[in-house]
Amino acid sequence: NTNLKITAFEVKDAKVTIDEEKQTITVLMQKSDTDLKKLAPKITVPAGVTVDPASEKEVDFSASDKIPVIYKLSRTAEDGKTVTREYKVTATICKHDWKEATCTEAAICKLCGVTGAAALGHDWKEATCTEAATCKRCKITRGKLAAHTWSKWKVTAEATHEKKGKKERKCGICKKKETKTLPK
């Protein structure tokens, strides 16, 4: 009967999965120090349906991975007969499987969705004349190329009374040469 079901089963700091077909509810606790002997799920059912154990009643789930806790729903049908449905509920502490933190996103458990270590932030390698500033982790770039890193001018041909001279300098990063003429 579609009217005889748990529409919400909420537990603080947990990922809850309701499988209507199998009539099971899986509670995956996000915190390792959770006391499974004292969980009090908040349960929502349609009007006219009762649930036992009652919503927000403390229940011992410490052995539920071996022997599930049974939640029984019931309502009185139009013919006066009581209709029931049972859900088997298990609660366990998550053994976190972390998706590692990135530059922009915190670590997150792939199983229960709890957030772990904070986002790492970018680790910038300074811009050069050939590359914009680049994050060493995620390879994103920002800004513009830096100016060349020029050596000191070096005279390569002395100027004379008859002939112009030449001087040059070289970028220490990209090896680009720049040449200037020296007057006679």
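Our subject is the structure that appears above.
Residues numbered from 1 in each chain as written. Predicted model: local features only at pLDDT ≥ 70, side-chain atom pairs only at ≥ 80, totals over all residues. Heavy atoms only, no water.

Quick word on the overall build of the protein chain
Okay, step 1: Within the protein chain, the secondary structure is distributed over 0 helices and 15 strands.
Okay, step 2: Taken over the C-alpha trace, the protein chain has a radius of gyration of 35 Å; the compact-globule value for 184 residues is 16 Å, which it surpasses by more than 25%.
Okay, step 3: Considered along the principal axes of its C-alpha atoms, the protein chain spans approximately 120 × 35 × 20 Å.
Okay, step 4: Accessible surface, the protein chain: about 12,500 Å² in total, of which carbon and sulfur atoms supply 49%.
Okay, step 5: Once the 37 positive and 25 negative side-chain charges of the protein chain are each reduced to a mean point, those two points are 15 Å apart. (Helix = DSSP H or I, 4+ residues; strand = E, 2+ residues; numbered from the N terminus. Rg over C-alpha atoms; globule rule 2.2 N^0.38 Å. Areas by Shrake-Rupley, 256 points an atom, 1.4 Å probe, with all protein chains shown as cover. Lys, Arg positive; Asp, Glu negative; His and termini not counted. Charge placed at Lys NZ, Arg CZ, Asp CG, Glu CD.)

With respect to the sheet that holds strand S14 (residues 165–170)
Okay, step 1: The antiparallel open sheet is built from 3 strands, whose spatial order is S13-S14-S15. In this open sheet, the two edge strands, each paired with only one partner strand, are strand S13 (154–157) and strand S15 (177–182). Strand after strand, the sheet turns through a mean of 35° between neighbouring axes, direction not considered.
Okay, step 2: Bridging between S14 and S15 involves 6 bridges; their strand directions are antiparallel. The residue of S15 that forms the bridge with Arg169 is Glu178. (Pairing = 2+ DSSP bridges. Axes fitted to C-alpha atoms, helices over the stretch in contact; angles between N-to-C directions.)

Description of the state of the cysteines
Okay, step 1: All told, the structure shown has 0 disulfides when counted by the stated rule.
Okay, step 2: The thiol of Cys94 is unpaired, and the distance to the nearest cysteine sulfur, on Cys109, comes to 3.7 Å.
Okay, step 3: When its relative accessible area of 6% is taken as the criterion, Cys94 is described as buried.
Okay, step 4: With no disulfide of its own, Cys103 lies 3.6 Å from the sulfur of Cys135, the closest cysteine sulfur.
Okay, step 5: For Cys103, a relative accessible area of 9% puts it in the buried group. (Disulfide = S-S within 2.5 Å. Buried < 20%, exposed > 50% of the residue type's maximum accessible area, 1.4 Å probe, protein only.)

A look at the sheet that holds strand S2 (residues 14–19)
Okay, step 1: Ordered by their spatial adjacency, 5 strands build an open sheet running S2-S3-S7-S6-S5, and the pairing between neighbours is mixed. Strands at the two margins of the open sheet, each flanked by one partner only, are S2 and strand S5 (50–52). Each strand of the sheet is rotated relative to its neighbour by a mean of 20°, with strand direction disregarded.
Okay, step 2: In this sheet, strand S3 (residues 24–29) lies alongside S2 in antiparallel orientation, the contact comprising 6 bridges. In the sheet register, Val16 faces S3, and the bridge partner there is Val27.

A few points about the packing of aromatic side chains
Okay, step 1: One pass over the structure, following the stated rule, counts 2 aromatic pairs.
Okay, step 2: Judged by centre distance (5.4 Å) and plane angle (90°), the rings of Phe9 and Tyr71 are edge-to-face. Pair noted here: Phe9 is in strand S1 (residues 8–10) and Tyr71 is in strand S6 (residues 69–76), with a separation of 62 residues, a long-range link. Neither residue differs from the other here; Phe9 and Tyr71 are each classed as buried.
Okay, step 3: Note on Phe61 and Tyr71: the rings are 6.4 Å apart at their centroids and 15° apart in plane angle, and the pair reads as stacked. With a gap of 10 residues between them, Phe61 in the loop between S5 and S6 and Tyr71 in strand S6 connect regions that are remote in the sequence.
Okay, step 4: Joined through ring pairs, the aromatic side chains of Phe9, Phe61 and Tyr71 make up one cluster.
Okay, step 5: Over the aromatic face of Trp124 sits the side chain of Arg142, whose NZ or CZ is 4.1 Å from the ring centroid.
Okay, step 6: It is Lys167 that lies over the ring of Trp153; its NZ or CZ is 4.8 Å from the centre. (Phe/Tyr/Trp six-rings, centres within 6.5 Å; stacked < 30°, edge-to-face > 60°. Lys NZ or Arg CZ within 6 Å of the ring centre and 35° of its normal.)

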